Amino acid sequence: MSSPQSILEHTFGYTEFRGPQREIIDTVMGGHDALVLMPTGGGKSLCYQIPALAREGCGVVISPLIALMQDQVEALCAAGVRAAFLNSSLPPERAQQIEQALLDGELDLLYLAPERLLQPRTLELLQRVQLSLFAIDEAHCVSQWGHDFRADYLHLNCLHEQFPSVPRIALTATADRRTRAEIAQRLDLADARHFVSSFDRPNIRYRIAQKDNPRRQLLDFIRSEQPGNSGIVYCLSRNKVENTADWLCQQGFKALPYHAGLPADLRAEHQRRFLREDGVIVVATIAFGMGIDKPDVRFVAHLDLPKSIEAYYQETGRAGRDGDPATALLLYGLEDVVKLGQMAANSDGSDEHRRQERNRLNAMLGLCEITTCRRQALLRYFAEELPEPCGNCDTCLEPPQTWDGTEAAAKLLSCVYRTGQRFGASHVIDVLRGSTSEKVLKFGHDQLSTYGIGSDRSTADWRGVVRQLVVRGYLEVNSEAFGALQLTEACRSLLRGEEKIQLRKLPSRSRQTESRTTN
Ligand code: ADP
Ligand code: ZN
């Protein structure tokens, strides 16, 4: 058996482990369980691929994404690793060959979709061979509160019972503390060592601006700051992708469209040109990016609001993987919010699911509106604390216009408290503004001391206050309690008047747009 270091060098062609890789690999090599939280692009795959190669037996990788599975296996085979996958896309003869190879001890890595793994037949097969480890990729799929929930993942705890001596490593790029605890509990990983990497990408400069004339804003940005650079421009719709790419070409750029509606060969061609040629700009829907590993992407521009902070982080994270300066520019308008809000409202799934989508969107919007460091807010969303403002985001570099929101914040927080922390933003704002809605009267909230104390502000203004307080951690939206606003520890000093708070001014135009659509 080779050592992890020599596998790193000879099989993967790298000289050094990155970040916590070495420690994670040592943990699994020692037969212990691990839970790995690492941002996308951080290098999770090696954390299980190397121990699978270095330990006796075959490593089993459970992954929900068939396309990604295929890519990984191809790359591994090209590097001389004996890897294969089993999923529903394979013809039965091929599946049988792979099963035989497994039985004959000829596989180092076997990728499986969870539903395949859980078939009694597969479990029996695995019982008959020596296994080096189980890697559970995208482990957050086990979380019922997450947007990627997969019921099959819940049954993966059987691995611990059926294969007690095989180490397990669960990996994810998206998990706050609560989700992490949930993963550990549901996957029976009580004794696993946790490895939590920083999500910070210090070389990415975050910039978020209100849409004014988005094409002009994009053009100015590329011409003045990114001439000749490779970049990705994200749009929400296929139509807009094509129009924007055409338009950029007319402006003299090498711009290529990419979305799921284009023929596969054209998509592959555009992807290849992006990877090989200099200065290509891909204009894409979110279909572009998964598994694309181009180190020198200098900018990612969003012409539409991403639907969540996770999505924003993931998409912007494709910039600057080489560590050199890169910029993430997001242009947003309240019309995006309306559109995404409607998409969330009309999406399939339970009420709970829709409410979650809405909450995620609100968090994203909060990030757009804050007046403090973007990076601090972004990292806080991933339960990470950055002690000082970063100095490399727009709000750090050009502090925005603000107003003293201390009194407004205190009114809002008191009203949340007085109404029992059981109501969502709309109702709390109704009480503040002295509404005579049926709901206000039914709960007797017109009798509260906070009733009507905020009638000087519009509903839209109050929503801005709510969102900013949520983003800064003074308020929480409890998605398990119908989006009820709840106070956090942090808000005490605001309530006592011991702390001042500056809020971002909303441009007057978006104020109108918003009050029209949220009432
Ligand atoms: P993740 O699964 O966390 O998104 P990957 O495992 O796909 O990330 O790794 C992202 C990129 O980083 C890949 O191109 C991978 O080859 C590269 N990489 C991983 N570990 C190292 C390392 N130790 N040295 C250099 N490159 C690495
Ligand atoms: Zn900053």
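See the structure above.
A few points on the structure. Everything numeric in this text was worked out from a predicted model, so none of it was measured.

## Things to note about the overall build of the chain
Here's step 1: The secondary structure content of the chain amounts to 24 helices and 17 strands.
Here's step 2: Residue burial in the chain is summarised as follows: out of 519 residues, 52% are buried.
Here's step 3: Within the chain, contacts between residues at least 6 apart in sequence are counted, and of these 72% link residues at least 24 apart.
Here's step 4: For the chain, the accessible surface area stands at approximately 23,200 Å², while carbon and sulfur atoms represent 47% of it.

## Topic: the pattern of salt bridges
Here's step 1: One pass over the structure, following the stated rule, counts 22 salt bridges.
Here's step 2: Between Glu 182 and Arg 186 there is a salt bridge; the shortest N-O distance is 3.1 Å. Placement of both Glu 182 and Arg 186 in helix α10 (residues 177-186) is noted, with a separation of 4 residues, approximately one turn of the helix.
Here's step 3: The class of Glu 182 is buried, set by a relative accessible area of 9%.
Here's step 4: Among the residues examined, Arg 186 registers a relative accessible area of 23% and is labelled partly exposed.
Here's step 5: Between Arg 380 and Glu 385 there is a salt bridge; the shortest N-O distance is 3.9 Å.
Here's step 6: Residue Arg 380 is classed as partly exposed on the basis of its relative accessible area, which comes to 30%.
Here's step 7: In this structure, a network of salt bridges that share partners links the residues Glu 99, Arg 116 and Arg 121.

## Points about the coordination of the zinc ion (ligand 2)
Here's step 1: Donor atoms from the polypeptide that coordinate the zinc ion (ligand 2) comprise Cys 373 (SG), Cys 390 (SG), Cys 393 (SG) and Cys 396 (SG), at 2.3 to 2.4 Å from the metal.
Here's step 2: Viewed at the metal, the 4 donor atoms of the zinc ion (ligand 2) are separated by angles of 101 to 121°, and the geometry they form is tetrahedral.
Here's step 3: Counting residues between consecutive donors of the zinc ion (ligand 2) along the chain gives the motif C-x16-C-x2-C-x2-C. Of this pair, Cys 373 sits in the loop between α16 (351-369) and α17 (374-381) while Cys 396 sits in helix α18 (residues 394-397); the two residues are 23 residues apart in sequence, bridging distant segments of the chain.

## Comments concerning the site of ligand 1
Here's step 1: Taken together, 14 residues lie around ligand 1, and Tyr 14, Gly 41, Lys 44, Ser 45 and Asp 293 are the ones closest in.
Here's step 2: A distance of 3.1 Å is found between an oxygen atom of ligand 1 and a backbone nitrogen or oxygen belonging to Gly 43.
Here's step 3: Protein burial of ligand 1: of its 560 Å² of free accessible surface, 76% is covered by the chains.
Here's step 4: A total of 3 residues in the shell around ligand 1 trace back to one element, the largest contributor, which is helix α3 (residues 44-54).
Here's step 5: Partitioning the shell around ligand 1 into residue classes produces 4 nonpolar, 6 polar and 4 charged.

## A word on the environment of Asp 26
Here's step 1: Following the sequence through the fold, Asp 26 ends up in helix α2 (residues 21-29).
Here's step 2: On the accessibility criterion, Asp 26 (39% relative accessible area) is partly exposed.
Here's step 3: In the structure, Asp 26 is positioned 21 residues away from Cys 47 in sequence and 9.3 Å away in space, judged by C-alpha atoms.

## A few points about the sheet that holds strand β5 (residues 131-136)
Strand pairing within a sheet occurs via backbone hydrogen bonds; the two strands may be parallel or antiparallel.
Here's step 1: One open sheet holds the 7 strands; their spatial order is β3-β4-β2-β5-β6-β1-β7, and the pairing between them is parallel. Single-partner strands in this sheet number two, and they are β3 (83-86) and β7 (193-196). On average, each strand axis in the sheet is inclined to that of its neighbour by 20°, with strand direction left out of account.
Here's step 2: Direction of pairing for strand β1 (residues 34-37) relative to β7: parallel, over a ladder of 4 bridges. Following the sheet pairing, Leu 35 is matched in β7 by His 194.
Here's step 3: Each of β1, β2 (58-62), β4 (109-112), β5 and β6 (168-172) is contacted by α3, which is oriented at about 165° to β6, the strand it contacts most.
Here's step 4: Sheet strands touched by helix α5 (residues 92-103): β2, β3 and β4. Its angle to β3, the strand with the most contacts, is close to 130°.

## Regarding α10
Here's step 1: Those residues of α10 that fall on the buried side of the exposure criterion are Thr 179, Arg 180, Glu 182, Ile 183 and Ala 184.
Here's step 2: The secondary structure elements touched by the buried residues of α10 are β1, β6 and β7.
Here's step 3: After α10 finishes, the residue Asp 188 shows a positive phi value of roughly 65°.

## A look at the nonpolar core
In a soluble, globular protein the nonpolar side chains are often hidden away together inside.
Here's step 1: Among the nonpolar cores identified, the biggest contains 112 residues, and Leu 117, Phe 134 and Ile 169 are the most heavily contacted of them.
Here's step 2: Examining the composition of this core, we find that 7 residues originate from one element, α3, more than from any other.
Here's step 3: Not counting residues within four places of it along the chain, the set of residues in contact with Phe 134 comprises Val 60, Ile 62, Leu 117, Leu 126, Leu 159, Phe 163, Val 166, Pro 167, Arg 168 and Ile 169.
Here's step 4: If you look at the next biggest cluster of nonpolar residues, it comprises 26 residues, including Val 428, Val 431, Tyr 474 and Ile 501.

## Topic: the sheet that holds strand β13 (residues 326-332)
Here's step 1: If you trace the 6 strands from one edge of the open sheet to the other, you get β8-β13-β12-β9-β11-β10, paired in parallel fashion. On the outer flanks of this sheet lie β8 (204-210) and β10 (254-258), each paired with one strand and no other. Neighbour-to-neighbour, the strand axes of the sheet open up by a mean angle of 15°, direction not taken into account.
Here's step 2: As defined by bridge partners, strand β9 (residues 231-234) adjoins strand β11 (residues 280-284) across 4 bridges and the pair is classed as parallel. Looking at β11, one finds that Val 233 is bridged to Val 283.
Here's step 3: Against the sheet, helix α13 (residues 264-276) touches β9, β10 and β11, its axis set at about 140° to β10.

## As for the side chain of Thr 122
Here's step 1: Within the fold, Thr 122 resides in helix α7 (residues 120-127).
Here's step 2: Looking at Thr 122, its side chain comes within polar contact range of the main-chain oxygen of Arg 116, at 2.7 Å.
Here's step 3: The residues touching Thr 122, leaving out its near neighbours within four places in the chain, are Leu 112, Arg 116 and Leu 117.

Rules and cut-offs
- Residues numbered from 1 in each chain as written.
- Chains lettered and ligands numbered in written order.
- Predicted model: local features only at pLDDT ≥ 70, side-chain atom pairs only at ≥ 80, totals over all residues.
- Heavy atoms only, no water.
- Helix = DSSP H or I, 4+ residues; strand = E, 2+ residues; numbered from the N terminus.
- Buried < 20%, exposed > 50% of the residue type's maximum accessible area, 1.4 Å probe, protein only.
- Contact = heavy atoms within 4.5 Å.
- Areas by Shrake-Rupley, 256 points an atom, 1.4 Å probe, with all protein chains shown as cover.
- Salt bridge = Lys/Arg side-chain N within 4 Å of Asp/Glu carboxyl O.
- Donors = N, O, S within 2.8 Å, 3.2 Å for Na, K, Ca; no water.
- Tetrahedral: all angles 85-135°; square planar, octahedral: opposite > 155°, others 65-115°.
- Near = heavy atom within 4 Å.
- Polar contact = N/O pair within 3.5 Å; in protein donor to acceptor, adjacent residues only side chain to side chain.
- Nonpolar A, V, L, I, M, F, W, Y, C, P; charged D, E, K, R; others polar.
- Pairing = 2+ DSSP bridges.
- Axes fitted to C-alpha atoms, helices over the stretch in contact; angles between N-to-C directions.
- Core = buried A, V, L, I, M, F, W, Y, C linked by side-chain atoms within 4.5 Å.

Purely spatial values, then, with no claim about function.
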